[in-house]
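# Residue-level structure breakdown
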Amino acid sequence: MQYPLRDYRVLDFGWVIAGPLLGQVLADMGAEVIKVETRKHLDEMRQSPLNTSRDPEKDPVFHTTNRNKLGVTVDMSHPEGRLLLKEMVKTCDVVAENFSPRVMKEHGLNYESLRRIKPDLIMVSLPAAGSYGPLSHIVTYGPTVSSLAGLDSMVGYYGERVLGSQGFYADMTSAIHAAFAVLSALYYRNNTGLGQHIEVPQWEAAACCIGEAIMEYTINGRIIGPRGNRHPTMAPHGNYPCKGEDKWVSIAVKTEEEWSAFCNAVGNPPWTSEERFADAASRLSNVAELDEYVAQWTRNHTHYEAAEILQRAGVAAAPVLDVGERYLDPHFQERQIYADFEHPAIGKDIIAGLSWKLSATPGGIRSPAPLLGQHNDYVFGEILGLPQKEIQRLMEEKVIY
Amino acid sequence: MSDKALSGLKVIEYGQFYSAAYCAKLMGDLGAEVIKVEPPEGDESRRHGPFPDDIPHPEKSGLFLYLNANKLGITLNVRNAKGRQMLLDLLKRSDVFVENNPPKVMAELGLDYPSLSRLSPSLIVTSITPYGQTGPYRDWKGYDINSSGLGGISYGVGDPQREPLNLPVSQSHVQGAVHAASATMVALLARQATGKGQHVDVAEANVWAAFHGGQGVYSYVFEGRVRKRSGHRTPGFYPYTILPCKDGYVSMIAGRGHQWKRFLELVGGGEVPEWYSRDPRFRDRLEMSWKYANELDSLLAPWLMKHTKKEIFNLCQERRIPFTPVNTIEEVVNEPHLNDRGFFVEINHPGAGRFKYPGPPYRLSETPWRVERPAPLLGEHNEEIYCKRLGYSREELIRLRGAGII
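Residues numbered from 1 in each chain as written. Chains lettered and ligands numbered in written order. Predicted model: local features only at pLDDT ≥ 70, side-chain atom pairs only at ≥ 80, totals over all residues. Heavy atoms only, no water.

## Some remarks on the overall build of chain B
A count of helical and extended segments in chain B gives 18 helices and twelve strands. Along the three orthogonal principal directions, the C-alpha set of chain B runs to about 85 × 50 × 45 Å. Across the 406 residues of chain B, 62% fall into the buried class. A separation of at least 24 residues holds for 67% of the contacts in chain B among residues at least 6 apart in sequence. (Helix = DSSP H or I, 4+ residues; strand = E, 2+ residues; numbered from the N terminus. Buried < 20%, exposed > 50% of the residue type's maximum accessible area, 1.4 Å probe, protein only. Contact = heavy atoms within 4.5 Å.)

Spelled out as structure tokens, the structure:
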């Protein structure tokens, strides 16, 4: 069985990043994921900063996060649109959304309403801050959620200003936490027949990722701030400069055995036998000088060379790769972490592969991201059984829009 | 009927430090029975801290306590033949085996997937490693920073002229763990249909490169674009940045023009300030982002430095401007919103005492996330598991302890 989730259907209201990524995980594993969109408010990721054409059918970010999905266009602010969506919910196992908490409620599509028409429904919501609590109403973007959660306060060079993680970490981590919760709820439903509602506040999912820092504060009252690549117990530990422009190798030394392997690998220059680097505690207290010596060695090698020399000696090291190097790297090529195929709007397309490998039920990428409304006929005609004339009317009245 | 989502599920965890532990914790928190198998000297995270008053103690490591609540703990020397057999006996009675050891070590111990599958065809074996079970780097050694280096996340974080930054406090391990837990649930759903187990291969570097970093590959291949580090801001439009204010930093992203306009009106006391509206360079926010960002940062500084992050947060949110404070860890722990929601949980541990822990990443209405027991003391459940489950007598247990097997 290639597609282990092929018997499940998901109605995916997800937009931008967090919601669509959750749908992506389920769709990759074979679930029939129907993405609900409307031309009235296009998913922002149809016109992301990476979309140089500005054509909503040609956005590379959208193509990656929505592959394997079917696409319908329904205006949920239209009363008939809501009826149509409710008919679809009756045929689904899971409903997923990442709007502000008020949106689904205002449209009569919250869990309380939907469970009446589909009692064993599993519904998952990914609000920024949760559906209750004093800040449940706040407006955010994914990267600002990383700031709220405390992650960004620790990103910066040692003792310097905060730079922040500058990415969609909170979206990504809440999406995968949500995937685990939904899959667990399906497992439970298969055993008991019971559905439920799952709330994954992105702020809280992100805060769970920094447990060590939170415990440092609750145990010792110590606030971890920016500390660059310094590590509490490992030295050397960092990304060190290599031959070439903006090339770096990551090196981490934990045990004394690894330290002596490191010293051998770099040819035992005199500094490696200095007292101030003799054990982990000394190396940690003289880490700035240590890092400079390590860099003197790494600068003579390319990042791949440095990693290979150190790995041969038994030291943890890997090149720091940019996007192009990742695409071309032999390890990633063998593991097929990117996939290319034809997309009807742009021709040859390249998107992310899967996060994991399952030996018996691998899932896979079987269709490109949908064009706007591409599967209206299939979903409304075949799944809901509406006559073609009725679909036509709904389109003319901009219910299907 | 049980209100635990994963009730009845039996999980054996055999690994070190973070990823296997957090993966198994996610399952334990939803009701699976997790038995953590530690070597006699204990898991690495027992030596990692943070420790109360910085005094190392194997029962007081904050990281260990966080990652291992809701588990039973036993000690076992798997490198010993008898110990290995005891692990196999446990695996025969289990649904899931979570591990994060080097593939070479698992093969040496005869704990590779083909061997385990012969022992128990319905067993799901979940392996979390830096680089994965296949590919030329499978036997490379790796810590958190190496996974994020190879996976590409580090390349984009930090100052463009300086070294790339690893995300703090083990995010490669976190991502490996949550992806592994999800993949394990997929395998369990497949097993409900087929009755068969399988091998789940999760590589941290793979998760970074595909899930977190796969969106930019198209732009590289067809447009030659490589996203570099950009310090405290992200290129695209202005503002998409973190800036200092009176008492810390604020995170400022205005995806839509009206949000930016409302902020300028706030800064100008009701109207867009003249230094902005009269300057013809400040029309196109894309151009502003790559040409004038430093200048705009300094023009905003006087207003920002006059206000605290709390004031800025309140003033902005009142106007639906999506700016937020950059919370310090202290502020996160004391945040009224999180505390009102009951996000943090207090756990009393017999060896370490009572502390506040991060709570649920999600709320399930029918099958709540719950902490039912603190992290195990080293070997706390040896007697319960070895005597009651595997049928050893107390005398045998003493002999095994004497022989260094448990």
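## What about the overall build of chain A?
In terms of helices and strands, chain A carries 17 helices and twelve strands. Based on the C-alpha atoms only, the size of chain A along its principal axes is roughly 85 × 50 × 40 Å. Relative to its 401 residues, chain A shows a buried fraction of 65%. Residue pairs at least 24 apart in sequence account for 67% of intrachain contacts in chain A once pairs closer than 6 positions are excluded. Total accessible area on chain A stands at roughly 13800 Å², and carbon and sulfur atoms take up 50% of it. Considering chain A, the positive charge centre built from 38 side chains and the negative charge centre built from 50 side chains are found 5 Å apart. (Areas by Shrake-Rupley, 256 points an atom, 1.4 Å probe, with all protein chains shown as cover. Lys, Arg positive; Asp, Glu negative; His and termini not counted. Charge placed at Lys NZ, Arg CZ, Asp CG, Glu CD.)

## Brief notes about the interface of chain B and chain A
Interface extent is often summarised as the accessible area lost during association of the parts. Taken residue by residue, the interface counts 153 residues in chain B and 156 residues in chain A. Buried surface at the junction of chain B and chain A, summed over both partners, amounts to about 13400 Å²; 63% is from carbon and sulfur atoms. On the chain B side of the interface with chain A, the three residues burying the most area are Phe211(B), Ile329(B) and Arg341(B), jointly 6% of the side's total. Of the charged contacts in the structure, one is a salt bridge between Asp201(B) and Arg335(A), with a shortest N-O distance of 3.1 Å. At the boundary of chain B with chain A, the tally comes to 81 residue pairs in polar contact (both at pLDDT 80 or more). The element best represented in the side of chain B that touches chain A is helix 7 (residues 171-194) of chain B, accounting for 15 residues. Residues belonging to the side of chain B that touches chain A are distributed by class as follows: 80 nonpolar, 47 polar and 26 charged. Taken together, the three bridges between strand 12 (residues 356-358) of chain A and strand 6 (residues 199-203) of chain B define a ladder with antiparallel strand orientation. Of the residues in strand 6 of chain B, the one forming a bridge with Lys357(A) is Asp201(B). (Buried area = accessible area lost by both parts, 1.4 Å probe. Salt bridge = Lys/Arg side-chain N within 4 Å of Asp/Glu carboxyl O. Polar contact = N/O pair within 3.5 Å; in protein donor to acceptor, adjacent residues only side chain to side chain. Nonpolar A, V, L, I, M, F, W, Y, C, P; charged D, E, K, R; others polar. Pairing = 2+ DSSP bridges.)

## Digging into the sheet that holds strand 9 (residues 316-320) of chain A
Residue and element names in this part refer to chain A. Read from one edge of the open sheet, three strands run 7-8-9, paired in antiparallel fashion. On the outer flanks of this sheet lie strand 7 (237-241) and strand 9, each paired with one strand and no other. Each strand axis lies, on average, 25° off the axis of its neighbour in the sheet, ignoring direction. The strands touched by helix 12 (residues 287-298) are strand 7 and strand 8 (248-252); relative to strand 7, the strand with the most contacts, the crossing angle is about 45°. Along the sheet face, helix 13 (residues 303-313) touches strand 8 and strand 9 and points at about 170° away from the line of strand 9. (Axes fitted to C-alpha atoms, helices over the stretch in contact; angles between N-to-C directions.)

## A short note on the domain arrangement of chain A
Domain annotation of chain A identifies domain 1 (9-209 + 334-396) and domain 2 (247-321). Computed from C-alpha coordinates alone, the two centres of domain 1 of chain A and domain 2 of chain A are separated by 43 Å. (Domains from an automatic or database assignment.)

## Concerning the sheet that holds strand 7 (residues 240-245) of chain B
Residues and elements named next belong to chain B. Taking strand neighbours across the sheet as the criterion, the three strands line up as 7-8-9 in an open arrangement whose pairing is antiparallel. Among the strands making up the open sheet, the edge pair consists of strand 7 and strand 9 (324-325). As paired elements, strand 7 and strand 8 (residues 248-253) share six bridges and run antiparallel to each other. In the sheet register, Leu243 faces strand 8, and the bridge partner there is Val250. Across the sheet, helix 13 (residues 293-306) lies against strand 7 and strand 8, angled at about 45° from strand 7, the strand it touches most.

## Some thoughts on the packing of helix 1 (residues 18-28) of chain A against helix 7 (residues 169-192) of chain A
Residue and element names in this part refer to chain A. One way to put it is that helix 1 packs onto helix 7 with a least axis distance of 8 Å and a crossing angle of 45°. The angle between the axes of helix 1 and helix 7 places the two elements in the oblique class. When the axes of helix 1 and helix 7 are compared, the crossing they make is right-handed. Contacts from Ala18, Leu21, Leu22, Val25 and Leu26 in helix 1 reach Asp171, Met172, Ser174, Ala175, Ile176, Ala178, Ala179, Val182 and Leu183 in helix 7. (Parallel < 35°, antiparallel > 145°, perpendicular 65-115°, else oblique. Left-handed = near helix turned anticlockwise from the far one by under 90°.)

## Section: the pairing of strand 6 of chain B
Buried residues dominate strand 6 of chain B, accounting for five of its five residues. Side chains of strand 6 of chain B alternate between two faces, with His199(B), Asp201(B) and Ala203(B) and Val200(B) and Val202(B) buried alike.

## With respect to the domain arrangement of chain B
Domain boundaries in chain B define domain 1 (10-212 + 340-402) and domain 2 (240-328). One C-alpha centre belongs to domain 1 of chain B, the other to domain 2 of chain B; they are set 44 Å apart.

## Quick notes on the pairing of strand 3 (residues 71-75) of chain B
All names here are of chain B. Judged by how many residues are buried, strand 3 sits mostly within the fold: five of five residues are covered. By the bridge criterion, five bridges tie strand 2 (residues 33-38) to strand 3 in an arrangement that is parallel. Looking at the pairing, Ile35 lines up with Leu72 of strand 3. Each parallel crossover has a hand, and the one from strand 2 via helix 2 (residues 62-67) to strand 3 is right-handed. (Right-handed = clockwise from strand over helix to strand, strands pointing away.)

## Let's talk about unusual backbone geometry
Residues and elements named next belong to chain B. Note that the residue after Gly49, namely Pro50, is joined by a cis bond; omega there is 0°. Within the secondary structure, Pro50 is located in the loop between strand 2 and helix 2. Here the amide bond leading from Tyr238 into Pro239 is cis, since omega sits at 0°, within 30 degrees of zero. On the secondary structure map, Pro239 appears in the loop between helix 9 (217-223) and strand 7.

## A closer look at the packing of helix 6 (residues 144-151) of chain B against helix 8 (residues 204-212) of chain B
All names here are of chain B. Interaxial distance between helix 6 and helix 8 falls to 8 Å at its minimum, and their mutual angle equals 35°. Crossing geometry of helix 6 relative to helix 8 is assigned as right-handed. Side by side, helix 6 and helix 8 meet where Ser147, Ser148, Leu150 and Gly151 of the first sit next to Glu204, Ala205, Trp208 and Ala209 of the second. Classifying every residue of the contact of helix 6 with helix 8 gives four nonpolar, three polar and one charged.

## A closer look at the side chain of Asp246(A)
Note that Asp246(A) resides in the loop between strand 7 and strand 8. Using a relative accessible area of 12% as the deciding quantity, one classes Asp246(A) as buried. In terms of polar contacts, Asp246(A) uses its side chain to reach the side chain of Trp248(A), at 2.7 Å. At a separation of 3.2 Å, a polar atom in the side chain of Asp246(A) contacts the side chain of Lys228(B). Once you skip the residues sitting within four places of it in the chain, Asp246(A) turns out to touch Tyr155(B), Pro160(B), Lys228(B) and Arg229(B).

## Comments concerning the packing of aromatic side chains
Residue and element names in this part refer to chain A. A full pass over the atoms with the stated rule returns 26 aromatic pairs over all chains. A centroid spacing of 5.9 Å and a plane angle of 90° characterise the contact between Trp271 and Phe277, whose relative ring orientation is edge-to-face. Over the ring of Tyr3 we find Arg366; its NZ or CZ atom is 4.8 Å from the centre of that ring. (Phe/Tyr/Trp six-rings, centres within 6.5 Å; stacked < 30°, edge-to-face > 60°. Lys NZ or Arg CZ within 6 Å of the ring centre and 35° of its normal.)

## Here's the deal with the environment of Gly150(A)
Secondary-structure assignment places Gly150(A) in the loop between helix 6 (142-148) and helix 7. The buried category is assigned to Gly150(A), whose relative accessible area is 0%. Distance in space between the C-alpha atoms of Gly150(A) and His303(A) is 32 Å, their sequence separation being 153 residues. When residues no more than four places from it in sequence are discounted, the contact partners of Gly150(A) are Ile210(A), Asn327(B), Ile329(B) and Val332(B).

## Some words on the pattern of salt bridges
Counting across every chain of the model gives 56 salt bridges over all chains. Across the pair Arg363(B) and Glu204(A) runs a salt bridge, and its minimum N-O distance is 3.1 Å. Remark: Glu204(A) occurs in helix 8 (residues 202-207) and Arg363(B) occurs in strand 12 (residues 363-364); the pair is interchain, linking two chains. Relative accessible area serves as the criterion here: at 18%, Arg363(B) is assigned to the buried category. Classification of Glu204(A) as buried rests on a relative accessible area of 1%. With a closest N to O distance of 3.5 Å, Asp139(B) and Arg138(B) form a salt bridge.

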